[in-house]
Amino acid sequence: MEERVLISLLLDFYGPLLTDKQRMSLQLHHEDDMSLGEIAEELGVSRQAVHDNLQRARHILNDYESKLHLVAQYEQREGLLSQLKENLPEEVLAETKVQKVLAQMEGYYGI
C-alpha cells in the first residue's frame, strides 16, 4: 500500500490519539502535500520541529496499528465484501433486500 494512503487510514483510525500539532503536521504533509518549510510557517515552529513531529507521529500511529490492527481488519472486511459482491449472481445483487444489506454493511464497516 502506498505510504500516503496508509498514513491517511492510520490518521482516520488513530488521529484523535495524536497531539494537535502531530495530527495537523501529518494532515498538511500527507493530505495537503505541503513541504516541511510550509508547515513550519503555517504552525509557527521550526522546520526541524515539524520533521520531529512527523517522525514521532508516524511512529505512534504504527505502534497503535501494531497493537490494535484496526486498519488491517478494515482492509480485510473491505476485501471480503468485495469478494461477496463479485461472487453473488447478478439477479441476487439486483434484489432490493440484498442491496440494503450490502449498503448497511458498507456503512457499518466504513467501507
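Since this is a predicted model, take the numbers as computed values, not measurements. (Residues numbered from 1 in each chain as written. Predicted model: local features only at pLDDT ≥ 70, side-chain atom pairs only at ≥ 80, totals over all residues. Heavy atoms only, no water.)

## Structural notes on the pattern of salt bridges
Pairing between side chains of opposite charge can happen when their charged atoms approach one another. Using the following cut-off: Whenever a carboxyl oxygen of Asp or Glu lies within 4 Å of a side-chain nitrogen of Lys or Arg, that contact is scored as a salt bridge. Numbered from the N terminus, helices here are DSSP runs of H or I no shorter than four residues, and strands are runs of E no shorter than two. Each residue gets one of three labels from its accessible area relative to the maximum for its type: buried under 20%, exposed over 50%, partly exposed in between, using a 1.4 Å probe on protein chains only.
The full count for this structure, using the stated rule, is four salt bridges. Among the salt bridges present, the one from Asp33 reaches Arg4, with a minimum N-O distance of 2.7 Å. A residue pair is termed long-range when its members are at least 10 positions apart, and Asp33 in the loop between helix H2 (20–31) and helix H3 (36–43) and Arg4 in helix H1 (residues 3–14) qualify at 29 residues. Exposure remark for Arg4: the relative accessible area of 34% places this residue in the partly exposed category. Among the salt bridges present, the one from Asp63 reaches Lys67, with a minimum N-O distance of 3.2 Å. Here Asp63 and its partner Lys67 are both found in helix H4 (residues 47–68), four residues apart, which amounts to about one turn of the helix.

## Details of the packing of H1 against helix H5 (residues 70–87)
Threshold: Only the contacting stretch of a helix is used when fitting its axis, a line to C-alpha atoms as for every element, and angles between N-to-C directions run 0 to 180 degrees. An angle below 35 degrees is read as roughly parallel, one above 145 as roughly antiparallel, one from 65 to 115 as roughly perpendicular, and any other as oblique. Contacts were defined at the residue level, with two residues in contact if any of their heavy atoms lie within 4.5 Å.
The N-to-C vectors of H1 and H5 enclose an angle of 110°; their axes lie 9 Å apart at closest approach. What the angle tells us is that H1 and H5 run roughly perpendicular. In this structure, H1 uses Leu6, Leu9, Leu10, Phe13 and Tyr14 to contact H5, whose residues at the interface are Leu70, Val71, Tyr74 and Glu75.

## Considerations on the packing of H2 against H4
Short version of the rule: Charged means Asp, Glu, Lys or Arg here, nonpolar means Ala, Val, Leu, Ile, Met, Phe, Trp, Tyr, Cys or Pro, and polar covers whatever is left, Gly included.
At a minimum axis distance of 9 Å, the contact between H2 and H4 shows a crossing angle of 100°. By the angle class used here, H2 and H4 are roughly perpendicular. Across the interface between the two elements, Lys21, Gln22, Ser25, Leu26, His29 and His30 from H2 touch Asn53, Leu54, Arg56, Ala57, Arg58, Ile60 and Leu61 from H4. Class assignment of the residues belonging to the contact of H2 with H4 gives a composition of five nonpolar, five polar and three charged.

## A word on H2
How we decide: What a helix is expected to span follows from its residue count: subtract one and scale by 1.5 Å.
In a regular helix each residue adds 1.5 Å, so twelve residues correspond to 16 Å; H2 covers 16 Å between its end C-alpha atoms and thus fits that length. When H2 is considered as a whole, its buried residues turn out to be Gln22, Ser25, Leu26, Leu28 and His30. Packed against the buried residues of H2 are H1, H3 and H4. Directly beyond the C-terminal end of H2, a positive phi value near 55° is found at Asp33.

## Considerations on unusual backbone geometry
Despite not being glycine, Asp33 shows a phi value in the positive range, around 55°. Positive phi, close to 60°, is recorded for His69, a residue that is not glycine. Of note, His69 is situated in the loop between H4 and H5. When its relative accessible area of 40% is taken as the criterion, His69 is described as partly exposed.

## What to know about the domain arrangement of the protein chain
The condition is simple: Just so you know, the domain bounds were taken from an automatic or database domain assignment. The term buried area means the drop in 1.4 Å probe accessible area that two parts suffer when joined, counted for both and summed. Polar contact is the term for a pair of N or O atoms within 3.5 Å; when the atoms are in protein, one must be able to donate a hydrogen and the other to accept it, and sequence-neighboring residues count only if both atoms are side-chain atoms.
Along its sequence, the protein chain is carved into domain 1 (3–68) and domain 2 (72–107). Computed from C-alpha coordinates alone, the two centres of domain 1 and domain 2 are separated by 33 Å. Buried surface at the junction of domain 1 and domain 2, both sides included, amounts to about 280 Å², of which 57% is carbon and sulfur. Among the residues of domain 1 in contact with domain 2, Leu9, Phe13 and Glu65 are the three that bury the most area, contributing 83% of the side total. The tally of links between domain 1 and domain 2 comes to zero salt bridges. Our count for the contact surface shared by domain 1 and domain 2 stands at one residue pair in polar contact (both at pLDDT 80 or more). For the side of domain 1 that touches domain 2, the elements supplying multiple residues, two or more each, are H1 and H4. Its residues assigned to classes, the side of domain 1 that touches domain 2 shows three nonpolar, no polar and one charged.

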